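If you want the building blocks of each chain, they are given just below.
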Amino acid sequence: MKKLGLAITLYFWLVNGIAFAQTQNANPLSMKQLINEQFQFAAAQYKLLDKNIPQGLTPQSFDAKTGKSMNKDIQWWCSGFYAGSLWYIFEQTNDLMIKQQAENALKVIASNQTYTGNHDLGFMMYCSFGNAYRLTNNPEYKNIINRSAESLFSRYRPSIKAIQSWNKNKYWECPVIVDNMMNLEMLNWVSDNGGDPKYKKTSIIHANTTLANHFRPDFSSYHVVDYDLNTGKVIKKATWQGAANSSAWARGQAWALYGYTMMYRFTKDAIYLKQANGIAKFILNHPNLPSDKIPYWDFDAPFMPEAKRDASAGAIMASALLELAQYAQKADKITYKTAAETIINSLSSDKYRAKQGENGGFLLMHSTGAYPLNSEIDVPLIYADYYFLEALMRYKNWYL
Ligand code: GLY
């Protein structure tokens, strides 16, 4: 009996010893230096980017062949990422010119607070005004976030127990896309910060419906689930931006990973942690995930290894894995943090990160927006930059 006790004690010493050694693997000094360099670079690049934005539009991408900047109107789902990125850069650099740019970028999109034409209010208004409020405590920003939550809430459909993503059109009756998990962050935050509890309750209902209908047994997810508003039943499970209805569109898997990790942060409901862990394992153990851990645009993309990558999916995954590592069991903690480090190092390398003065002022190259629509293939994208900066910031705050 004594021998068994000794063996168990030795086993735990050994396991803990290995775990400790593994956490020491990354060189904190070089990660600190690398992260600081990325933020200095970002400040310089975003001053250049700012010069390319016509009045009233928001930056989206850049065409290296024509040298043309691609900008979008403020109701495009990405309109808040520029302001959000600027706030992250300001937070790390204290550069007052960047702060001025961030304040200006908020003014451009402020009227979105009453927009109800799609589900993207969380992306547009929380990534931007959420970060602005976090750093300034300006009550005007909080009012705008609260108003935006009400606009998003207007798209909740009780018959399907979910928030409708896009309006009815010739393809869909009542589509809900997995990306919509990301918009729940704003709803949770508003309820937890003095707002109506109905927003958080709605986010939980939506997350549970998505969990029931979007996922396959291996924790990969469909992009779109289309519902019948009258009966509440699922009409079909399909894709819009993926390679096939049955495929694992890379950014969709990243949104799901981030979304359920974030739901666990706000609710501490173990079902969300289990889901996030399952998604993380699907991604990290996938035979088609390249060794630099920047996924192809779809885990089932044709023409691998020539298929295009999606740096944006990699950036979202890195940020999500760093948060999931905070909640995970010891062995998983190390796996997730190490994977996030690999992604950060890959994205910071010449292979993905632009040279100063190039890339239209964007930070990262090689993202893919919507391959099947022949749109935004192998280009810089504003949200790749945003989640890259967020991952850098999370790494610095939590591990250095
Ligand atoms: N619909 C958001 C995305 O393209 O990921």
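Residues numbered from 1 in each chain as written. Predicted model: local features only at pLDDT ≥ 70, side-chain atom pairs only at ≥ 80, totals over all residues. Heavy atoms only, no water.

A. How the structure looks around the overall build of the protein chain. Scanning the protein chain from N- to C-terminus turns up 13 helices and nine strands. For 400 residues, the compact-globule estimate of 2.2 N^0.38 gives 21 Å, and the protein chain sits close to it at 21 Å. Principal-axis analysis of the C-alpha atoms gives the protein chain an extent of 75 × 55 × 50 Å. Out of the 400 residues in the protein chain, the part that is buried amounts to 56%. Long-range pairs, those at least 24 residues apart, make up 66% of the contacts in the protein chain with a sequence separation of at least 6. With an accessible surface of roughly 17100 Å², the protein chain has 54% of that area assigned to carbon and sulfur atoms. Counting 41 positive and 33 negative side-chain charges, the protein chain places the averaged centre of each group 5 Å from the other. (Helix = DSSP H or I, 4+ residues; strand = E, 2+ residues; numbered from the N terminus. Rg over C-alpha atoms; globule rule 2.2 N^0.38 Å. Buried < 20%, exposed > 50% of the residue type's maximum accessible area, 1.4 Å probe, protein only. Contact = heavy atoms within 4.5 Å. Areas by Shrake-Rupley, 256 points an atom, 1.4 Å probe, with all protein chains shown as cover. Lys, Arg positive; Asp, Glu negative; His and termini not counted. Charge placed at Lys NZ, Arg CZ, Asp CG, Glu CD.)

B. View of the sheet that holds strand β6 (residues 224-227). Overall, antiparallel pairing links the three strands, which are arranged β5-β6-β7 in an open sheet. Each edge of the open sheet carries a strand with a single partner, namely β5 (174-177) and β7 (234-238). Mean inter-strand twist for the sheet, computed between neighbouring axes without regard to direction, equals 20°. Alignment of β5 against β6, held across four bridges, turns out to be antiparallel. (Pairing = 2+ DSSP bridges. Axes fitted to C-alpha atoms, helices over the stretch in contact; angles between N-to-C directions.)

C. Spotlight on helix α5 (residues 121-136). Taking 1.5 Å as the rise per residue, α5 with 16 residues should run 22 Å; its terminal C-alpha atoms sit 21 Å apart, in good agreement. The principal kink in α5, of about 25°, is found at C127. A positive backbone phi angle near 60° is found at N137, which sits one or two residues after α5. (Expected span 1.5 Å × (residues − 1). Bend = angle between axes of the 7 residues up to and from the residue.)

D. Structural view of the nonpolar core. Core analysis: the biggest nonpolar cluster contains 120 residues, and F81 and Y387 have the highest contact counts within it. In this structure, A162, C174, V176 and Y227 belong to the second largest nonpolar core, which totals six residues. (Core = buried A, V, L, I, M, F, W, Y, C linked by side-chain atoms within 4.5 Å.)

E. Structural context of the pattern of salt bridges. Tallying each qualifying case throughout the model produces 16 salt bridges. For the salt bridge of K198 with E150, the shortest nitrogen-to-oxygen distance reads 3.1 Å. Of this pair, K198 sits in helix α8 (residues 198-213) while E150 sits in helix α6 (residues 139-153), and the two are 48 residues apart along the sequence. The exposure class of K198 is partly exposed, given its relative accessible area of 25%. Overall, E150 belongs to the partly exposed group, its relative accessible area being 30%. As a salt-bridge pair, D292 and K351 come within 3.1 Å of each other at their nearest N and O atoms. Separated by 59 residues along the polypeptide, D292 in the loop between α10 (270-284) and α11 (311-327) and K351 in the loop between α12 (330-348) and β8 (367-370) bring together distant segments of the chain. Residue classification places K351 among the partly exposed positions, given a relative accessible area of 46%. One salt-bridge network, held together by shared partners, links E185, R265, E323, E390 and R394. (Salt bridge = Lys/Arg side-chain N within 4 Å of Asp/Glu carboxyl O.)

F. Molecular detail of the site of the ligand. The environment of the ligand is formed by W77, D179, Q241, W249, R251 and W255. Within the side chain of Q241, a nitrogen or oxygen atom sits 2.7 Å from an oxygen atom of the ligand. Within the side chain of R251, an N or O atom sits 2.7 Å from an oxygen atom of the ligand. Here the ligand has 200 Å² of accessible area as a free molecule, and 94% of this is covered by the chains. (Near = heavy atom within 4 Å. Polar contact = N/O pair within 3.5 Å; in protein donor to acceptor, adjacent residues only side chain to side chain.)

G. Summary view of the side chain of T202. Examined against the element boundaries, T202 turns out to sit in helix α8. Those residues within four positions of T202 in sequence are excluded, and the remaining contacts are F153, Y156 and I163.

H. Up close: the packing of α5 against α6. One can describe the packing of α5 onto α6 by two numbers: an axis separation of 9 Å at closest approach and a directional angle of 160°. Comparing their axes, α6 and α5 come out roughly antiparallel. Remark: the crossing between α5 and α6 carries left-handed chirality. In this structure, α5 contributes L121, G122, M125, Y126, F129, G130, A132, Y133 and T136 to the contact, and α6 contributes P139, Y141, K142, I144, I145, S148, S151 and L152. Here the contact of α5 with α6 is built from residues that sort into 11 nonpolar, five polar and one charged. (Parallel < 35°, antiparallel > 145°, perpendicular 65-115°, else oblique. Left-handed = near helix turned anticlockwise from the far one by under 90°. Nonpolar A, V, L, I, M, F, W, Y, C, P; charged D, E, K, R; others polar.)

I. Looking closely at the environment of H366. Tracing the sequence through the fold places H366 in the loop between α12 and β8. Since its relative accessible area comes to 26%, H366 is described here as partly exposed. The spacing of H366 and D310 is 56 residues in sequence and 6.2 Å in space, taken between C-alpha atoms. Among the polar contacts made by the side chain of H366, one reaches the side chain of D378 at a distance of 2.6 Å.

J. A look at the packing of helix α3 (residues 81-93) against α5. At a minimum axis separation of 7 Å, α3 and α5 run at an interaxial angle of 25°. Put simply, α3 runs roughly parallel to α5. Relative to α5, the crossing made by α3 is left-handed. Only F123, C127, S128, N131, A132, R134, L135 and T136 of α5 make contact with α3, whose side of the interface consists of F81, A83, G84, W87, Y88 and E91. Here the contact of α3 with α5 is composed, by residue class, of eight nonpolar, four polar and two charged.

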